[in-house]
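Coordinate analysis (summary)
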Amino acid sequence: MFGWIIALLSGALMSVQGVFNTQVTKSSTIWIASAFVQFTALLVCLAAWAATDRSSLLSVFQVKPKYMLLGGAIGAFITYTVIKSMDMLGPAKAAMLIVISQLTVAYVIELLGAFGVEKQPLSIRKAVGMAVAMIGVVMFKWE
């Protein structure tokens, strides 16, 4: 149950962050806003690490395969694409499309067992659920 609460909180925070970042972009540029977002995230993470963890900062480089270290670089493009989509589509439509994309890609990763994730069998129930979600996006977008 706690995992559900954390996931719901994550989605809510992502939506609020997207709106905030889009507004900041109106006072600067998208790359300056994205850099600011990533820099403030770094500061918060370092403060949390200093207050709670104190394990070696360099232990992150022990990860294998090394391409897993690209998460931060991907994060910069996530920030950019969230800002652009919210600016162009509005928060609700953008968030729905983002969530559908996340769900679809995550499910494909599970089906393929990609990136070290345990491979899962195809589930008709999950596929139908994803199709229903996609139909919901189309209905929501329909004007």
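Just so we're clear, the structure is a prediction, and the values are computed from it rather than from any experiment.

Definitions and limits used
- Residues numbered from 1 in each chain as written.
- Predicted model: local features only at pLDDT ≥ 70, side-chain atom pairs only at ≥ 80, totals over all residues.
- Heavy atoms only, no water.
- Helix = DSSP H or I, 4+ residues; strand = E, 2+ residues; numbered from the N terminus.
- Buried < 20%, exposed > 50% of the residue type's maximum accessible area, 1.4 Å probe, protein only.
- Contact = heavy atoms within 4.5 Å.
- Areas by Shrake-Rupley, 256 points an atom, 1.4 Å probe, with all protein chains shown as cover.
- Lys, Arg positive; Asp, Glu negative; His and termini not counted.
- Charge placed at Lys NZ, Arg CZ, Asp CG, Glu CD.
- Expected span 1.5 Å × (residues − 1).
- Phe/Tyr/Trp six-rings, centres within 6.5 Å; stacked < 30°, edge-to-face > 60°.
- Lys NZ or Arg CZ within 6 Å of the ring centre and 35° of its normal.
- Patch = residues over 30% accessible without salt bridge, like charges linked within 9 Å, V, L, I, M, F, W, Y side chains within 5 Å.
- Salt bridge = Lys/Arg side-chain N within 4 Å of Asp/Glu carboxyl O.

Things to note about the overall build of the protein
For the protein, the count of helices and strands is five helices and zero strands. Each helix and strand of the protein, placed in order from N terminus to C terminus, yields the pattern α-α-α-α-α. Viewed in the frame of its principal axes, the protein has a C-alpha envelope of about 45 × 45 × 30 Å. Within the protein, the proportion of its 143 residues that are buried is 15%. Pairs at least 24 residues apart make up 56% of the contacts formed inside the protein by residues separated by at least 6 positions. Counting every atom, the protein has about 10,600 Å² of accessible surface; 75% of that belongs to carbon and sulfur. Averaged over its 10 positive side-chain charges, the protein has a centre that lies 4 Å from the centre of its 5 negative ones.

Examining helix α3 (residues 71-89)
Taking 1.5 Å per residue, 19 residues should reach 27 Å; α3 reaches 26 Å between its end C-alpha atoms and fits that length. Within α3, the full set of buried residues consists of G75, T79, V82, I83, S85 and M86. At its buried positions, α3 is contacted by α1 (2-25), α2 (30-52) and α4 (91-112). Phi turns positive one or two residues past the end of α3, at G90, with a value near 95 degrees.

Quick word on the packing of aromatic side chains
Two aromatic rings, taken as a pair, are described by how far apart their centres are and by the angle between their planes. Scanning all chains against the criterion turns up three aromatic pairs. Ring centres of W31 and F77 lie 6.0 Å apart, and the angle between their planes is 85 degrees; on these two criteria the pair is classed as edge-to-face. Here F77 lies in helix α3 and W31 lies in helix α2, a separation of 46 residues in the sequence. A relative accessible area of 45% places W31 in the partly exposed class. By the ring-pair criterion, three or more aromatic residues cluster together here, those being W31, F77 and Y80. Over the ring of W49 we find R54; its NZ or CZ atom is 5.2 Å from the centre of that ring.

As for the side chain of N21
Structurally, N21 is set in helix α1. Judged by relative accessible area, which is 8%, N21 ranks as buried. Ignoring any residue separated from it by four or fewer positions in sequence, one finds N21 in contact with A33, V37, T79 and I83.

Structural notes on unusual backbone geometry
Look at the link from K64 to P65: it is a cis peptide, with omega at -5 degrees. Along the polypeptide, P65 turns up in the loop between α2 and α3. Although it is not a glycine, R54 adopts a positive phi angle of roughly 65 degrees. Locating R54 in the fold gives a position in the loop between α2 and α3. The backbone phi angle of F115 is positive, close to 60 degrees, even though this residue is not glycine. Position of F115 relative to the elements: it lies in the loop between α4 and α5 (124-141).

Remarks on a nonpolar patch on the surface
A cluster of nonpolar side chains, namely F39, L42, L43, L46, L57, L58, V60, F61 and L69, defines an oily patch on the protein surface of about 840 Å² accessible area. On the secondary structure map, L69 appears in the loop between α2 and α3. The exposure class of L69 is partly exposed, given its relative accessible area of 34%.

What to know about the environment of V117
One can find V117 in the loop between α4 and α5. Exposure remark for V117: the relative accessible area of 36% places this residue in the partly exposed category. When the C-alpha atoms of V117 and A33 are compared, they prove to be 33 Å apart, with 84 residues separating the residues in sequence. Ignoring sequence-local partners within four residues, the contact set of V117 consists of I109 and E110.

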